[in-house]
Amino acid sequence: MTLYEPRPVPTKLSLIGLGGSVSGNVRAEVIVVQNKSELETLGDKIKGKIVCYNHDWVRYGDSSDYRVWGASWAAKYGASAVLVRSVTPESIYSVHAGNMHYLPNITQIPVAAITVEDAEMFQRMQDRGQKIVVHLIL
């Protein structure tokens, strides 16, 4: 009897760098958070990791805060890059671009938008205890 042993499957992500983001070449483990308070609870556990915000859609003004300020929020705890779930209530595997800003006196890290579907996939993988590694070239 052969037991199935899951193995990493290289996959290309549909993403777009956000306006104002610095460039970067980062390969790191991904940690998915659903909101800012979850990020703050993890604190230094995200050091060196790529933070993926898989935030729920509320309305544009609230949901876009993760795109606009998410890189600085994560960099404060030592994250190496940020992936932000597209700011949209519906998706057809498309990314939603826009601008972002860095807070003063915080390290500037690369940030890109990914599709709703990929953010949800990362959430499911993390919930199953799978290690997620992304090589982000931006």
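Residues numbered from 1 in each chain as written. Predicted model: local features only at pLDDT ≥ 70, side-chain atom pairs only at ≥ 80, totals over all residues. Heavy atoms only, no water.

A.B. asks: Help me understand the overall build of the chain, please; the structure alone is not making it clear to me.
C.D. replies: On a plain count of helices and strands, the chain comes out with four helices and six strands. Going from the N terminus to the C terminus, the chain shows its helices and strands as β-β-α-β-α-α-β-β-α-β. In terms of overall dimensions, the chain is globule-like: its C-alpha atoms have a radius of gyration of 15 Å, near the 14 Å expected for 138 residues. Projected onto the principal axes, the alpha-carbon positions of the chain cover approximately 60 × 30 × 25 Å. Going through the 138 residues of the chain one by one, you find that 41% of them count as buried. For the chain, the exposed area adds up to about 8,000 Å²; of that, 51% sits on carbon and sulfur atoms. (Helix = DSSP H or I, 4+ residues; strand = E, 2+ residues; numbered from the N terminus. Rg over C-alpha atoms; globule rule 2.2 N^0.38 Å. Buried < 20%, exposed > 50% of the residue type's maximum accessible area, 1.4 Å probe, protein only. Areas by Shrake-Rupley, 256 points an atom, 1.4 Å probe, with all protein chains shown as cover.)

A.B. asks: Would you take a moment to explain unusual backbone geometry for this structure?
C.D. replies: Excluding glycine, residues mostly carry a negative phi; peptide bonds, for their part, are mostly trans. In this structure, Tyr93 is a non-glycine residue whose phi angle is positive, near 50 degrees. Positionally, Tyr93 belongs in the loop between strand 4 (81–85) and strand 5 (111–114). Judged by relative accessible area, which is 37%, Tyr93 ranks as partly exposed.

A.B. asks: In this structure, what is going on with the environment of Ser86? I would like to understand it.
C.D. replies: Within the secondary structure, Ser86 sits in the loop between strand 4 and strand 5. With relative accessibility at 1%, the residue Ser86 sits in the buried group. With 17 residues separating them along the chain, Ser86 and Trp69 place their C-alpha atoms 14 Å apart. Here His96 takes part through its backbone nitrogen, which lies 2.9 Å from a polar atom of the side chain of Ser86. (Polar contact = N/O pair within 3.5 Å; in protein donor to acceptor, adjacent residues only side chain to side chain.)

A.B. asks: Would you explain helix 4 (residues 116–127) in this entry?
C.D. replies: Count 3.6 residues to each turn of an α-helix, and residues three or four apart come out pointing the same way. Between its terminal C-alpha atoms helix 4 stretches 16 Å, which fits the 16 Å expected from 12 residues at 1.5 Å a residue. Of all the positions in helix 4, only Val116, Asp118, Ala119, Phe122, Gln123 and Met125 are classed as buried. Of the surrounding elements, those touching the buried residues of helix 4 are strand 2 (25–33), strand 3 (50–53), strand 4, strand 5 and strand 6 (133–137). (Expected span 1.5 Å × (residues − 1). Contact = heavy atoms within 4.5 Å.)

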